[in-house]
Amino acid sequence: MIYNIEDMIVDKENNIKTPEDKLVGYFYHIDKDLYVVYYNDEEDEEDFRTSDEYYADDLEEAKEIAVEYATNSYIENEVEKEHK
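Remember, it's a predicted structure, so these values are computed and weren't measured experimentally.

Criteria and cut-off values
- Per chain, residue numbering runs from 1 following the sequence as it is written.
- Given that the model is predicted, a residue must reach a pLDDT of at least 70 before its local features are reported, and side-chain atom pairs must reach 80 or more before they are shown or counted; all residues, however, enter totals for whole chains, interfaces and linings.
- The side-chain figures draw on all heavy atoms in the structure; neither hydrogens nor water molecules are used.
- Counting from the N terminus, the helices are the DSSP runs of H or I reaching at least four residues and the strands are the DSSP runs of E reaching at least two.
- Any helix carries an expected span of 1.5 Å times its number of residues minus one.
- Partly exposed residues are those whose accessible area sits between 20% and 50% of the maximum for their type, while under 20% is buried and over 50% is exposed, using a 1.4 Å probe and protein chains only.
- Two N or O atoms form a polar contact when they lie within 3.5 Å of each other; inside protein one atom must be a possible hydrogen donor and the other a possible acceptor, and for residues adjacent in sequence the pair counts only when both atoms belong to side chains.
- Between any two strands, at least two bridges found by DSSP are needed for them to pair.

1. Structural notes on helix α1 (residues 59–82)
Three or four residues apart is the spacing at which side chains of an α-helix point the same way, because the helix has 3.6 residues per turn.
Then, number 1: Here α1 is 24 residues long and its end C-alpha atoms lie 34 Å apart, about the 34 Å a rise of 1.5 Å per residue gives.
Then, number 2: Among the residues of α1, A62, I65, A66, V67, A70, T71, S73, Y74, N77 and E78 are the ones counted as buried.
Then, number 3: The opening residue of α1 is D58, an N-cap whose side-chain oxygen sits 3.3 Å from the backbone nitrogen of E60.

Pasting the structure below:
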């Protein structure tokens, strides 16, 4: 099933999950306003080798950006699986 960004859940450890509790990425605070998000860029399950660093003014903005990165990649991977 493919989800929207609004469907995703971020837990206390900043893991990004689907409503069925499937891990699709995670993020953490590096320094001051710098964060990093890890997610899958391939169809491989939970390898999380792809990362992006980004700046955010606060934790809420950081969460929104991380969820967007992870969800978009997850959606792309699911669409590719469906077309195979």
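Additional details are given in the paragraphs that follow.
2. Examining the pairing of strand β3 (residues 23–31)
Then, number 1: With 3 bridges joining them, strand β2 (residues 15–17) and β3 adopt antiparallel strand pairing. Among the inter-strand pairings, I16 is bridged to a residue of β3, identified as G25.
Then, number 2: Where β3 lies against strand β4 (residues 34–39), 6 bridges are found, and the strand directions are antiparallel. Following the sheet pairing, F27 is matched in β4 by V37.
Then, number 3: Taking the residues between adjacent antiparallel strands as the criterion, β3 and β4 are bridged by 2 residues, where K32 takes a positive phi near 45 degrees.

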